[in-house]
Amino acid sequence: MRLSASLVLTSLLLCSVSALAAEPQLKVRTHLQPSDGAMVGGLLELQLDILTDTWFTSAPTLPDLVLDGARVLPPDGQAEHLNQTLDGQSFSGMRYRYLITPNVARDFTIPPLTVRATPGQATEEQSVASQTVRFSVAQPPGFGADEIPLVATGLRLSQRIINSATP
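Residues numbered from 1 in each chain as written. Predicted model: local features only at pLDDT ≥ 70, side-chain atom pairs only at ≥ 80, totals over all residues. Heavy atoms only, no water.

Novice: Looking at this structure, how should I read the overall build of the protein chain?
Specialist: Scanning the protein chain from terminus to terminus reveals one helix and ten strands. Listing every helix and strand of the protein chain by position from the N terminus yields α-β-β-β-β-β-β-β-β-β-β. Working note: accessible area of the protein chain is about 11,700 Å², and carbon and sulfur atoms make up 53% of it. (Helix = DSSP H or I, 4+ residues; strand = E, 2+ residues; numbered from the N terminus. Areas by Shrake-Rupley, 256 points an atom, 1.4 Å probe, with all protein chains shown as cover.)

Structure below.
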């Protein structure tokens, strides 16, 4: 009886040590909203989900995103908190948003974005890269290929007619 109790205690100790030795996981996922139907001058949102199976000791470091033929606004520092289950395992994290306004009609490729973060219980900072994201942008209906549509969040036109003193 004494031998089996010793084996159980040893097994529990080994399981505890191996659980502590495992590095926390860091994952990144990307989503493009809307996923299709992008137009020149329209707004697309690249959502970057940064997830870990523990917690973050500080905010993740996000990469710059530059796309030729588009204006990109980086995340403003505000993040949406997430809780997700991936392959039966619980993850928590943050969602950051890049806002993209395409200026030309063509196919775009967003290269892998490398995120750096230090999850709780990690021995050092970790980095992980997202998948490549591709999307197509079309010219708005009614515009020719050589025409540039006016894109604005607000537009004010005024007209003033001044009658001539002489007819």
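Novice: Explanation requested: unusual backbone geometry in the structure shown.
Specialist: Glycine aside, a negative phi is what most residues show, and trans is what most peptide bonds show. With an omega dihedral of -10°, the bond running from glutamine 33 to proline 34 counts as a cis peptide bond. On the secondary structure map, proline 34 appears in the loop between β1 (26–33) and β2 (38–39). Phi at aspartate 87 takes a positive value of approximately 55°, unusual for a residue other than glycine. Structurally, the position occupied by aspartate 87 is in the loop between β5 (80–86) and β6 (89–102). The class of aspartate 87 is exposed, set by a relative accessible area of 81%. (Buried < 20%, exposed > 50% of the residue type's maximum accessible area, 1.4 Å probe, protein only.)

Novice: Whenever I open this one, the packing of aromatic side chains confuses me. Can you help?
Specialist: Aromatic rings considered in pairs are described by the distance between their centres and by the relative angle of their planes. Counting across every chain of the model gives one aromatic pair. Here phenylalanine 108 and phenylalanine 135 contribute two aromatic rings whose centre-to-centre distance is 5.1 Å and whose plane-to-plane angle is 10°, an arrangement assigned as stacked. Of this pair, phenylalanine 108 sits in strand β7 (residues 107–110) while phenylalanine 135 sits in strand β10 (residues 133–138), placing them 27 residues apart in sequence. Pair check on accessibility: phenylalanine 108 and phenylalanine 135 agree, each one buried. (Phe/Tyr/Trp six-rings, centres within 6.5 Å; stacked < 30°, edge-to-face > 60°.)

Novice: Where do I start with the nonpolar core in this structure?
Specialist: What tends to happen in soluble globular proteins is that the nonpolar side chains get buried as a cluster. With 27 residues, the main nonpolar core has Leu46, Leu65, Leu67, Ile100, Ile110 and Phe135 as its most contacted residues. When sequence neighbours within four positions are dropped, the list of residues in contact with isoleucine 110 reads Leu46, Leu65, Leu67, Ile100, Thr132, Val133 and Phe135. (Core = buried A, V, L, I, M, F, W, Y, C linked by side-chain atoms within 4.5 Å. Contact = heavy atoms within 4.5 Å.)

Novice: Just to check I follow, could you spell out the side chain of glutamine 84 for this structure?
Specialist: Residue placement: glutamine 84 occurs in strand β5. Side-chain polar atoms of glutamine 84 contact the side chain of arginine 29, separated by 3.2 Å. Not counting residues up to four positions away in its chain, the partners in contact with glutamine 84 are Arg29, Asp49, Leu51, Gln89, Ser90, Phe91 and Arg95. (Polar contact = N/O pair within 3.5 Å; in protein donor to acceptor, adjacent residues only side chain to side chain.)

Novice: Help me out: how do you make sense of the side chain of threonine 52 in this one?
Specialist: If you trace the backbone, threonine 52 turns up in strand β3 (residues 44–52). Threonine 52 sits in the buried class, given a relative accessible area of 0%. Looking at threonine 52, its side chain comes within polar contact range of the main-chain oxygen of glutamine 25, at 2.8 Å. Among residues more than four places away in sequence, those in contact with threonine 52 are Pro24, Gln25, Phe91, Ser92 and Pro119.

Novice: Even after reading the chapter, I still don't get the pairing of β10, so can you show me in this structure?
Specialist: In the case of a regular strand, side chains alternate between the two sheet surfaces. Residue alternation in β10 divides its side chains into a buried set, Val133, Phe135 and Val137, and an unburied set, Arg134, Ser136 and Ala138. As judged from the two bridges shared by β2 and β10, these two strands associate in the parallel manner. Across the sheet, alanine 38 pairs through a bridge with valine 137, a residue of β10. Here β7 runs beside β10; their pairing, made up of four bridges, is antiparallel. When the sheet's bridge partners are listed, threonine 109 is paired in β10 with arginine 134. (Pairing = 2+ DSSP bridges.)

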